[in-house]
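Working through the structure, step by step
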Amino acid sequence: MFDLDIWREIFQSINKNKTRAILTGFTVVFAIMLFTILFGIANGLENTFKKLFLRTADNAITLYTGTTSKPYRGLQIGRRIFLNNEDLDFIKSEFGSQIEYISGTLTRNYNLRNAKKKGDFTVMGVGPDYQYSEKAEIIDGRFINLKDYNNKDKILVIGRLVEDDLFERESAVSKYIDLEGVQYKVVGVFSDNGGDSQERMVYAPTTTIQKLYTGNKKLDRIVITYNPKLTVDQALVLVDKITLKLKNKYNIAPNDQRALRTGNRILTEKKRLDNISSSLGILIPIIGFGTLIAGILGISNIMIFIVKERTKEIGIRKALGASPKSIVLIILLESIVITTFTGYIGLLIGVGALQAIGSSLERYFITDPGVNLSIVFSATIVLIFAGTIAGFLPAKKASKIKPIIALRNG
Amino acid sequence: MLEIKELHKSYPIGDSSLHVLKGINLSVKQGEMVAIMGSSGSGKSTLLNIIGMLDQADSGEYILDGLLIKNLTEKKAALYRNKFLGFIFQSFNLINYKNALENVALPLYYQGMKRKDRQELAMFHLEKVGLVDWAHHLPKELSGGQNQRVAIARALAANPKLLLADEPTGALDMNTSYEIMEFIQQLNDEGKTILMVTHEDDIAHMCKRIVRLRDGVIMEDSKIDQVRAKKNV
């Protein structure tokens, strides 16, 4: 039953006791505001972590082959599978924009020498895209380009430490290196933050290695860098699709784990991300819970204060015939009205503050701070609920006050 | 109207207890105006509170208008207070954020009367105490005498069978006291039964009967010749 009179009573009481209402309201505004802001900032922190890890997470997928471990389509176990240059075009045409870079690699160890020095190095045949997959940084000259690749030119791009070893203090660019009796021109020097072993690598066009040393178009590996716009989950689907296509092409059983394998850091990264998310997932509720508890305590205190302040009024009302129930009702409804209204104000201020913060705190690892409105609404409801319970006990006590005792003080 | 037999009441004080009322017998008829007198601690306020159902007796019988008042639940006590009793307090006990009209209308609100009706009725009673022009003023904007008149209007609003006054003139100067007493006498003339606690002799003599309490027992209970307040103003 909607009783207009009781609402009139409550709004009059709020209206005529503004200090009291503001005091209660302030606690709620503050609690919800803090809750919203802290939650938003925690979310911003999580956003940063996500972004950070995806940036450093290599979005490269490596495909490599072995021997079949399951019979399939009438073919026997133990078949050696090789990827070749055509697979690069095949994958590119099948997956188009989902793939950013792709290159085939062949790795061999060779003895390299020039006029002064010699040494054993790992030579890797790669395509022009490989620079981006490996994130090798050119510090002198250039990387292998498409022309080198298509012409099967005898050129090398060497790691910084190779340059140090073979050329001592001099620049290696435009100088020649003897590789198993064939002269190669050095076109570039790179550094790589992947460590010393990476900087001891020597890159040559895959096609050159194939032409001069292997005599076929076989590849050891295919390195694919997927479009960074893909989410982790989408990337995992992409990996599955690529392997399935290739397995189909090479007549490998779809569940054969050995013939065609993928090495990717997506899965492990995802796991790491999940770990961080889950620890933030513990932290965020703790923050929220703490703020809420503070808010609840604040409301409880104020409710006790309000009931105390209204003791005389309660006594008068009881003397005039107010039932205990009606006393509890007016006190609780007043607190609910105030909490709801001011909770909403706190929400607005909090969301507003988060928007004002925006991207200005990015250097403190807070990206796009924001809150799920439904969480804040639930928090407000929890606060209202808790405030009601907190107010209920004093209100109940007040309703039991004997009017004479209430009337005696004053 | 009012029948009290062997009423006892004691209050616990620490481990012992203070026996405040030690067997009160009192009978009040319709239309009487009774002053309950006694020094402080004599139990006069306690008696009034029990009669007003603001407090409960330990033992004894209390019958109000043929109704046995015993073991009341809070809810029932509230209902009876609203229906049968009107209170006038020494400190007025008006709700400070409500204006005169709203204060007078409050018991009617608890009777469940419609807003329009109770405002009309409240205005009628304010008119009776001569405060129509002050209907929309807050208690703090009124003098003590005016506040007590608002309180009287409020006590009358629910048309109670019994009017209980606890030192109604205790906070007022003499002239205002007599004004208020004149009102109360008028109400009695119109047939209202009135019970009043006071320690002032002149006020007590404006009633029709004086009951003197000492140490929780009635020492004296006598009808007197009423002194009209009007002459003294």
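Above this note sits the structure.
Predicted model only: the values in this text are computed from it and were never measured. (Residues numbered from 1 in each chain as written. Chains lettered and ligands numbered in written order. Predicted model: local features only at pLDDT ≥ 70, side-chain atom pairs only at ≥ 80, totals over all residues. Heavy atoms only, no water.)

Regarding the pattern of salt bridges
Pairs may arise between side chains of opposite charge once their charged atoms sit close together. Applying the stated criterion across every chain yields a total of 29 salt bridges over all chains. For K161 of chain B, the salt bridge is made with D65 of chain B, and the minimal N-O distance between the two is 3.5 Å. Of this pair, K161 of chain B sits in the loop between α5 (144–157) and β7 (162–166) while D65 of chain B sits in the loop between β4 (59–64) and β5 (67–68), and the two are 96 residues apart along the sequence. Taking the relative accessible area as the measure of exposure, D65 of chain B reaches 40% and is therefore partly exposed. By sharing partners, the salt bridges in this structure join E9, R20, E309, R310, E313, R317 and E334 of chain A together with K98 of chain B into a single network. (Salt bridge = Lys/Arg side-chain N within 4 Å of Asp/Glu carboxyl O. Helix = DSSP H or I, 4+ residues; strand = E, 2+ residues; numbered from the N terminus. Buried < 20%, exposed > 50% of the residue type's maximum accessible area, 1.4 Å probe, protein only.)

With respect to the environment of V162 of chain A
All names here are of chain A. Inspection of the secondary structure assignment puts V162 in helix α6 (residues 160–167). In this structure V162 comes out as buried when scored by relative accessible area, which is 0%. For the pair V162 and V189, spaced 27 residues apart in sequence, the C-alpha separation works out to 8.7 Å. If near-sequence neighbours (up to four positions away) are discounted, V162 is found in contact with F121, F167, E199, R200, M201 and V202. (Contact = heavy atoms within 4.5 Å.)

Overview of the interface of chain A and chain B
Buried accessible area, meaning the area lost when the parts come together, often serves as the stated size of an interface. Across the contact, 28 residues belong to chain A and 25 residues belong to chain B. Roughly 2400 Å² is buried in total at the junction of chain A and chain B, and carbon and sulfur atoms are behind 54% of that figure. Taken as a group, I316, L320 and I404 of chain A account for 24% of the area that chain A buries against chain B, more than any other trio of residues on that side. Between the two partners, chain A and chain B, sit three salt bridges. Looking at the side of chain A that touches chain B, the elements that each hand over two or more residues are α1 (4–16), α11 (311–319), α12 (324–357), α13 (373–400) and α14 (403–408) of chain A. Broken down by element, the side of chain A that touches chain B gets its largest block of residues, seven residues, from α1 of chain A. The class makeup of the residues in the side of chain A that touches chain B is nine nonpolar, eight polar and 11 charged. (Buried area = accessible area lost by both parts, 1.4 Å probe. Nonpolar A, V, L, I, M, F, W, Y, C, P; charged D, E, K, R; others polar.)

Notes on the packing of aromatic side chains
Residue and element names in this part refer to chain A. Under the definition given, this model contains 10 aromatic pairs over all chains. Taking the centre distance of 5.8 Å and the plane angle of 65° together, the rings of F143 and Y203 count as edge-to-face. Taken together, the positions of F143 in the loop between β5 (137–141) and α5 (146–151) and Y203 in strand β9 (residues 201–205) put the pair 60 residues apart, joining distant regions of the chain. Accessibility assignment for this pair places F143 and Y203 in one class, buried. For R221, the ring lying beneath its charged end belongs to Y64, and the centroid distance is 4.8 Å. (Phe/Tyr/Trp six-rings, centres within 6.5 Å; stacked < 30°, edge-to-face > 60°. Lys NZ or Arg CZ within 6 Å of the ring centre and 35° of its normal.)

As for the sheet that holds strand β10 (residues 217–223) of chain B
Note: strands within a sheet are paired through backbone hydrogen bonds, in either parallel or antiparallel orientation. Residue and element names in this part refer to chain B. One open sheet accounts for six strands, arranged β6-β7-β8-β3-β9-β10; its pairing is mixed. Each end of this open sheet is capped by a strand with a single partner; those strands are β6 (85–88) and β10. The sheet shows a mean angle of 15° between the axes of neighbouring strands, direction not considered. When β7 meets strand β8 (residues 193–197), the two strands line up parallel, connected through five bridges. Of the residues in β8, the one forming a bridge with L163 is I194. (Pairing = 2+ DSSP bridges. Axes fitted to C-alpha atoms, helices over the stretch in contact; angles between N-to-C directions.)

Comments concerning the side chain of T27 of chain A
Residues and elements named next belong to chain A. Note that T27 resides in helix α2 (residues 18–56). Judged by relative accessible area, T27 falls into the buried class, the value being 17%. Apart from the residues within four sequence positions on either side, T27 is in contact with G295, G298, I299 and I302.

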